[in-house]
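Residue-level structural notes
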Amino acid sequence: MLKAKYKTGLVFFPAFDWAIDPTHPEREERLLYTQDQVFEEGLFDIDGITEYKPELVTREDVERVHFCVPDVDRVMTESHFISAGGAKTIGKAVLKKRVKRGFALVRPPGHHAMRVVHGGRGFCNVNIEAIMIEYLRKEYGVKRVAVVDTDCHHGDGTQDIYWHDPDTLFISIHQDGRTLYPGSGFTDELGGANAIGTTLNIPLPPNTSDEGYLYTIEKVVLPILEEFKPDLIVNSAGQDNHFSDPITNMNFSAQGYAELTSLLKPDIAVLEGGYSIEGALPYVNMGIILALAGMDYSKVVEPSFNRESYRQSPDVMRYIQKVGKIVLENWHKREKLKKKFRGKNEFHERIRNIMYDTDGIYEKQKEKIRVCDDCAGVLKIDSSSDRGYHILGVHIPLHACRLCSSIGKMWYEEAKDGHFNWAFLQDRPSDTYHTTKINK
Amino acid sequence: MIIGLDMGGTHTDVVLLDQNGLVRQKKVLTDAKDLFATVLKGLDTIMDGLDADIISRAVLSTTLTTNAIVQNRIKPVGMIVTGGPGLDPELFRTNSYYHIVSGSIDHRGREIQSVNEDEIKQIADSLKREGISHVGIVGKFSTRNPSHELKIAGMLQGMFDKLFMGHHSSGNLNFPRRIATTYLNAAVYPIHKEFFNAVKKSLESKGLKIPIHILKADGGTMSFASSIDFPGQTILSGPAASVMGAALAAPEKGDVLVFDIGGTTTDIGVLIDGVPVLEPLGIEIGPYKTLIRSLKTYSIGVGGDSYVRFSNNVLTIGPERMGPALAYGGPEVTPTDALFVLEKIEGGDRDRAIQGIGAIAKERGVSVEDAAREIIEKTCDLILAEAGKMIVQINSKPVYTVYDVLEGYRLNPDRILVLGGPAAYFSKHLGLVSDFNVTAVPQWGVANAIGAAIARTTSEVTLFADTEQGVITSSEGNFSGTCNKSYSKENAISDACDLLKKKSILAGASADDFEMEVIEELEFNMVRGFYTSGKNIRVKVQVKPGIISGYEKIGKKISPDIQ
């Protein structure tokens, strides 16, 4: 009987009754042909491949990560609860050692959702990977986590959530932000004052193919992972680097994705984007699942694939090598960069304008972090949107020092007297999440 | 009047029913060496002295094909398989005459690579030279577009006795199971054909004109004639007979578990509002996972003859069966012996049972009666624990819509119906040790044969329409056609129901028993570049397992001989 080399868990949740709108890429049809392919291959009959039914995440699971404005139910649909729940189900199966690896093949995706959520951006409302990771940290005491985001778009949401967390290494490999949404993810985006170097961005030029992509994994990502020594590797497995994707310009193939997965050996993969629903997704997902399970994927080849016509030019390769070199240099001198960046300031501030393209919302954000050597530093975010909300969110990190913890509580109390209409507190050490509606 | 015949490993039960209840019941010994003779003897015995004209139908549930597969007494068949991107079809090799050929179809039913006629001709010639007379033809995604299977079959027509095409067996997507199903259909065909001819000849020689139906694993029947094309569907009909027997006694509303306690195993089935729960894809038998529709049944290795031993302070029951109970001259202690000790059964050597259980009692430091009670209790606990696992498994079946995740049906049974040899004794104990309302099925000893007799003809049709390409395909409906852009889900349901009706009549259904039901209806807008280019429609309709018209109330009329 056909047997998987590694026990692999899958949650398959295509949300056949949910769409952002009827002609949106994130629509009912998106995983239809993937389901056809996966079913036709009989993958769930393979000994060692187990399909799990997704659970729903709780509001607390979401509040552990996000400041949802004004509340969780206003920014999430049932489908978001299930898709994040699917990731959580897989995370649990891996941590309970029921399976060695897992893949949450769910929609809607999440990697553009930042810590503050006013609505949907880049088809994402809540960050399903972060919700899963923080649940696993709480429940199983997982400490060091690496998230490798291989979606073609910069994982700016995950980057934002882990910007200040030195225990989470976030590496995003994507099409250069000068040529694609969301327009960020350059090599000099390295994380906040307490976590410089645990955010790394690898922007690749358009027309990168298997060769350049796999080079980046082997020569840049793997050595960094080896040094970081994560307890858990999570792959945000977007599939829009594919040569047939309608909204990007890369030339990655199903074989390439499978090879990437074999090299990266993620404990958990979570589906992100990928909108070539007929030409790519059925084959890429097959490739990823077989690679996770340690099975032969050599015959998973798209009918329209022609290796020669998707070969990258020598210029593209040279450019990729150059980017890789910069990323490695930054990684190696991260302590030095941190020192320089911090200066003598006790607090660091960041002011940003954030656009929610999916829901058409504009947000203004002022973020303040305490520079701290004893913990990840207490963080507050002053955020207002053109929908009339003005909130303060305070985040006390999981292993907060006493001082950061008390500053955080003070900030939260002060907010109630300020000009905000909502105040939120994420008290991670006690795993409690507070909200105050401020009447003025 | 109707006849039901259910063949078991040791004996074969036959019943004669009319709309007022059980008229006759007989048991004949199963002759493992001659199952044909067993069936004929069963029919003769039950009809002894009766006029054949009063018999409106007879339903047979046999172990013929099941045994042939389990004992690997199947004839070599040829297999021709087309693949495509994905897993290597070599992984699903069924036997040595298994040929992978060019040709491939994608998930939307579009041809990626055509069939190579020369290659097929060569393989056909070589199969012919090897003396192969039955061939299975299976393509990946043939349920989306059967043209490659049809083309290959067309080329082989006339060269072989019988061809089986994958897309006929099921509309479900699962290439490896389609291969296994088609292989089994081809492999058991000769033995089923032989059986068909023997029964037909025997009835004809006696001048009897009884419409014969065959029980399928899904708890429904098909006509003897149509079984020739789908002999694989007769595999594992035994558990289905039991569940249908219990269905007669089930309440109209509510979730019910069915326990068929046999010698070696207990089969567990589920009824929801009196209707048996089906397996999502199909039966598994030996190494084969198939698309053969079947009732959801779990078999656990605990029964009346399970091997009971006590060692290292642990009482273990099953899963082995070493032979019959001590009281019946067997080698080891069994739960049946415990029933002898407690004087719940008679007619065997009680002293041997006491002796065997006495040894366990001595080690345990308890009385023989207490040891016997402990054995019964433990047996019941084991069965209940497995039933609990089955409920969890059914409830954790993945679903694919937000609606189903939030509102999906959750199985929560509060009743158990028990049948099989020691049913009456066990039902009482099961009731004592659990919160379930437990009863024995009336006429529990022959309920399986009754279940076969009253089962209606079941059928399933899947229809797939792609309005962008303008094609409609129904594989089990044996239909391919075209459609225009305005073709809708409602059109698809109506077409599928027409096909289902046609298929059901061919399979021997009577007009009173067309209770059609839509079990899947999905419609997707296909959007290409920001415009809707067509619709992708998937519809599945069925005649679900149930009781033939006129016999629905018979359950209440059958006298409960033991309650």
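Residues numbered from 1 in each chain as written. Chains lettered and ligands numbered in written order. Predicted model: local features only at pLDDT ≥ 70, side-chain atom pairs only at ≥ 80, totals over all residues. Heavy atoms only, no water.

Overview of the interface of chain A and chain B
- Contacts between the two partners involve 46 residues from chain A and, on the opposite side, 43 residues from chain B.
- For the pair chain A and chain B, the two sides together bury roughly 3,700 Å², of which 60% comes from carbon and sulfur.
- Where chain A meets chain B, there are ten salt bridges.
- We note a salt bridge from A:Asp36 to B:Arg144, for which the minimum N-O separation is 3.3 Å. (Contact = heavy atoms within 4.5 Å. Buried area = accessible area lost by both parts, 1.4 Å probe. Salt bridge = Lys/Arg side-chain N within 4 Å of Asp/Glu carboxyl O.)

So, the pairing of strand E1 (residues 3-13) of chain A
All names here are of chain A.
- Across five bridges, E1 lies against strand E2 (residues 47-52) in parallel orientation. Each residue of the ladder has a partner; that of valine 11, found in E2, is tyrosine 52.
- The parallel pair E1 and E2, bridged by helix H1 (residues 32-40), forms a crossover whose chirality is right-handed.
- Relative to strand E4 (residues 101-106), E1 runs parallel, the two being bridged by six bridges. Pairing of phenylalanine 13 across the sheet is with valine 106, part of E4. (Pairing = 2+ DSSP bridges. Helix = DSSP H or I, 4+ residues; strand = E, 2+ residues; numbered from the N terminus. Right-handed = clockwise from strand over helix to strand, strands pointing away.)

Structural notes on the pattern of salt bridges
- One pass over the full model with this rule turns up 65 salt bridges over all chains.
- Here A:Glu134 and A:Arg137 are joined by a salt bridge, their closest N and O atoms 2.9 Å apart. Taken together, the positions of A:Glu134 and A:Arg137, both in helix H5 (residues 128-140) and three residues apart, correspond to about one turn of that helix.
- The class for A:Arg137 is buried, based on a relative accessible area of 7%.
- For the salt bridge of B:Arg293 with B:Asp218, the shortest nitrogen-to-oxygen distance reads 3.0 Å. One end of the pair, B:Arg293, is in the loop between strand E17 (288-289) and strand E18 (297-300); the other, B:Asp218, is in the loop between strand E11 (212-215) and strand E12 (221-223), and 75 residues separate them in sequence. When sorted by exposure, B:Arg293 lands in the same class as B:Asp218, which is buried.
- Beyond isolated ion pairs, a larger network of salt bridges with shared partners links A:Arg27, A:Glu29, A:Glu278, B:Asp106, B:Arg108, B:Arg110, B:Asp466, B:Glu468 and B:Arg528. (Buried < 20%, exposed > 50% of the residue type's maximum accessible area, 1.4 Å probe, protein only.)

Focus: the domain arrangement of chain A
Residue and element names in this part refer to chain A.
- Splitting chain A by domain gives domain 1 (3-335) and domain 2 (345-437).
- Centre-to-centre separation of domain 1 and domain 2, based on C-alpha positions: 27 Å.
- Taken residue by residue, the interface counts 33 residues in domain 1 and 38 residues in domain 2.
- Interface area, domain 1 with domain 2, both sides summed: about 2,900 Å², of which 58% is carbon and sulfur.
- If you look at where domain 1 meets domain 2, you find four salt bridges.
- Across the pair arginine 64 and aspartate 431 runs a salt bridge, and its minimum N-O distance is 2.9 Å.
- The interface formed by domain 1 and domain 2 holds 23 residue pairs in polar contact (both at pLDDT 80 or more) in total.
- The set of elements that each furnish at least two residues to the side of domain 1 that touches domain 2 consists of helix H2 (59-63), strand E3 (67-68), strand E5 (116-117) and H5.
- The biggest single contributor to the side of domain 1 that touches domain 2 is H5, with three residues. (Domains from an automatic or database assignment. Polar contact = N/O pair within 3.5 Å; in protein donor to acceptor, adjacent residues only side chain to side chain.)

Focus: the environment of B:Gly508
All names here are of chain B.
- Mapped onto the elements, glycine 508 comes out in the loop between helix H15 (489-506) and strand E26 (516-528).
- Residue classification places glycine 508 among the partly exposed residues on the basis of a relative accessible area of 28%.
- Residues glycine 508 and proline 211 lie 297 residues apart in sequence; the distance between their C-alpha atoms is 9.1 Å.
- When near neighbours in sequence (up to four residues on either side) are disregarded, glycine 508 contacts His213, Ser223 and Thr457.

Regarding the sheet that holds strand E10 (residues 268-271) of chain A
All names here are of chain A.
- On the basis of which strands lie adjacent, the open sheet formed by eight strands has the order E2-E1-E4-E10-E9-E6-E7-E8 and parallel pairing. Two strands lie at the open edges of the sheet, namely E2 and strand E8 (199-204), each paired on one side alone. Between one strand axis and the next, the sheet turns through 15° on average, direction left out of account.
- Note that strand E9 (residues 232-237) and E10 share four bridges and pair parallel. Of the residues in E10, the one forming a bridge with valine 234 is isoleucine 268.
- Its contacts with the sheet put helix H4 (residues 78-95) on E1, E2, E4, E9 and E10, and the angle it makes with E4 is roughly 170°.
- Seen against the sheet, helix H9 (residues 281-292) touches E1, E2, E4, E9 and E10 and runs at an angle of roughly 160° to E4. (Axes fitted to C-alpha atoms, helices over the stretch in contact; angles between N-to-C directions.)

Comments concerning the sheet that holds strand E24 (residues 471-474) of chain B
- Taken together, five strands build an open sheet; the order of strands is E25-E24-E23-E27-E26 (chain B) and the sheet is antiparallel. At either end of the open sheet lies a strand with only one pairing partner, and these are strand E25 (479-482) and E26 of chain B. Between one strand and the next, the sheet's axes are offset by a mean angle of 10°, whatever the strand orientation.
- As paired strands, E24(B) and E25(B) are joined by four bridges and run antiparallel to one another. Its bridge partner lying in E25(B), B:Val471 is registered against B:Thr482.
- Contacts from H1(A) reach E26 and strand E27 (531-543) of chain B, with the element oriented near 45° to E27(B).
- Sitting on the sheet, H15(B) is in contact with strand E23 (459-466), E24, E25, E26 and E27 of chain B, with an inclination near 145° to E23(B).

Structural notes on unusual backbone geometry
- With omega at 0°, the peptide bond leading from A:Arg107 into A:Pro108 counts as cis.
- Within the element layout of this structure, A:Pro108 appears in the loop between E4 and E5.
- Following B:Gly318, the chain continues into B:Pro319 via a peptide bond in cis, with omega recorded as -5°.
- With respect to the secondary-structure elements, B:Pro319 resides in strand E20 (residues 314-321).
- Positive phi outside glycine occurs at B:Glu343, with the angle close to 60°.
- Mapped onto the elements, B:Glu343 comes out in the loop between helix H9 (335-341) and helix H10 (350-364).
- Positioned with a positive phi, B:Asn478 is a non-glycine residue whose angle comes to about 55°.
- Along the polypeptide, B:Asn478 turns up in the loop between E24 and E25.

Describing the packing of aromatic side chains
All names here are of chain B.
- All told, the structure shown has 21 aromatic pairs over all chains when counted by the stated rule.
- Ring centres of phenylalanine 92 and phenylalanine 175 lie 6.3 Å apart, and the angle between their planes is 80°; this geometry places the pair in the edge-to-face category. One end of the pair, phenylalanine 92, is in the loop between strand E5 (78-82) and strand E6 (98-101); the other, phenylalanine 175, is in helix H6 (residues 175-205), with 83 residues separating them in the sequence.
- Under the relative-accessibility criterion, phenylalanine 92 is labelled buried at 12%.
- Taking 5.9 Å as the distance between ring centres and 65° as the angle between the ring planes, the aromatic pair formed by phenylalanine 195 and phenylalanine 224 counts as edge-to-face. One end of the pair, phenylalanine 195, is in helix H6; the other, phenylalanine 224, is in helix H7 (residues 224-227), with 29 residues separating them in the sequence. Exposure class is identical for phenylalanine 195 and phenylalanine 224. Each is buried. (Phe/Tyr/Trp six-rings, centres within 6.5 Å; stacked < 30°, edge-to-face > 60°.)

Some points on the side chain of B:Ser475
- By the secondary structure assignment, B:Ser475 is in the loop between E24 and E25.
- Filtering out sequence-adjacent residues up to four positions away, B:Ser475 remains in contact with B:Thr143, B:His167, B:His168, B:Ser170, B:Gly171 and B:Thr462.

Section: the packing of H10(B) against helix H11 (residues 368-395) of chain B
Residue and element names in this part refer to chain B.
- It is at 8 Å that the axes of H10 and H11 come closest, and there the two elements cross at 95°. Viewed along their axes, H10 and H11 adopt a mutual orientation that is roughly perpendicular. Residues Ile354, Ile357, Gly358, Ala361 and Arg364 of H10 form the contact with H11, whose participating residues are Val368, Ala371, Ala372, Glu374 and Ile375. (Parallel < 35°, antiparallel > 145°, perpendicular 65-115°, else oblique.)

Concerning the side chain of B:Lys140
- Mapped onto the secondary structure, B:Lys140 falls in the loop between strand E9 (134-139) and helix H4 (147-156).
- Here the side chain of B:Lys140 touches B:Pro85 through a polar contact of 2.8 Å, landing on its backbone oxygen.
- Ignoring any residue separated from it by four or fewer positions in sequence, one finds B:Lys140 in contact with A:Gln37, A:Glu40, A:Glu41, B:Thr82, B:Gly83, B:Gly84, B:Pro85, B:Gly86, B:Leu87, B:Ile105, B:Phe175 and B:Arg178.

Brief notes about the packing of H11(B) against helix H13 (residues 423-433) of chain B
Residues and elements named next belong to chain B.
- Relative to each other, H11 and H13 sit at 75°, their axes nearing to 9 Å. Accordingly, the angle class assigned to the pair H11 and H13 is roughly perpendicular. Contact residues: Ile376, Glu377, Thr379, Cys380, Asp381 and Leu384 in H11; Phe426, His429, Leu430 and Val433 in H13.
- In the contact of H11 with H13, the residues fall into six nonpolar, two polar and two charged. (Nonpolar A, V, L, I, M, F, W, Y, C, P; charged D, E, K, R; others polar.)

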